[in-house]
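Results of the structural survey
Take a look at the letters that make up each chain.
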Amino acid sequence: MADNDGLTEAERAELEQLRAEKAAREEASRQAAERAELERLRAEKSKSAREAAEDASIAEARARGRKLMEPDEDDEDLKMPAGQKMVLGIIALVVVVMLLMQFLDGR
């Protein structure tokens, strides 16, 4: 500490008051920094959780797509994926509809 012997009572009181105000400002600043860090960490945790959920959703969608495009093991006649069977069925349906339209238009 500084040499306080040369200070008057009023100066000592003012010095103590200023020290207390400085300590209060430093404490408020420290608490504000801690609050900001807490909010940043919460946001980071929330972002990580969202990214993990999104990654899990993407992985699940890929697994469904992969399963859809894998050949059926129990189907002995056609060894092709269910998705491919659906696409071929839709194409066949479109061709039948177009042929019917041609046939009915020609009458």
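Now for a description of the structure that goes with this document. Owing to the predicted nature of the structure, the values given are computational and were not obtained by experimental measurement. (Residues numbered from 1 in each chain as written. Predicted model: local features only at pLDDT ≥ 70, side-chain atom pairs only at ≥ 80, totals over all residues. Heavy atoms only, no water.)

The subject of this paragraph is the overall build of the protein chain. Broken down by element type, the protein chain carries two helices and zero strands. Residues classed as buried in the protein chain amount to 4% of the 107 residues present. Per element, the accessible surface of the protein chain, about 9600 Å² overall, is 59% carbon and sulfur. (Helix = DSSP H or I, 4+ residues; strand = E, 2+ residues; numbered from the N terminus. Buried < 20%, exposed > 50% of the residue type's maximum accessible area, 1.4 Å probe, protein only. Areas by Shrake-Rupley, 256 points an atom, 1.4 Å probe, with all protein chains shown as cover.)

Further remarks concern the pattern of salt bridges. It is possible for side chains bearing opposite charge to pair when their charged atoms get close. For the structure on display, the rule yields seven salt bridges. Between Glu9 and Arg12 there is a salt bridge, with its nearest N and O atoms 3.1 Å apart. Here Arg12 and Glu9 lie together in helix H1 (residues 9-68), a separation of three residues that amounts to about one turn. With a shortest N-O distance of 2.6 Å, Glu34 and Arg30 are connected by a salt bridge. Here Glu34 pairs with Arg30, and both are found in helix H1, just four residues apart, close to one helical turn. Several salt bridges converge on common partners, so that one network encompasses Glu27, Arg30 and Glu34. (Salt bridge = Lys/Arg side-chain N within 4 Å of Asp/Glu carboxyl O.)

Quick look at a nonpolar patch on the surface now. Nonpolar side chains collect at one region of the surface, where Val87, Leu88, Ile91, Val95 and Leu99 lie side by side and expose about 440 Å² of accessible area between them. Relative to the assigned elements, Leu88 resides in helix H2 (residues 82-106). (Patch = residues over 30% accessible without salt bridge, like charges linked within 9 Å, V, L, I, M, F, W, Y side chains within 5 Å.)

Note on placement: Pro71 falls in the loop between H1 and H2. With relative accessibility at 39%, the residue Pro71 sits in the partly exposed group. Taking the C-alpha atoms as reference points, Pro71 and Gln84, separated by 13 residues in sequence, lie 9.1 Å from one another. When sequence neighbours within four positions are dropped, the list of residues in contact with Pro71 reads Lys79, Met80 and Pro81. (Contact = heavy atoms within 4.5 Å.)

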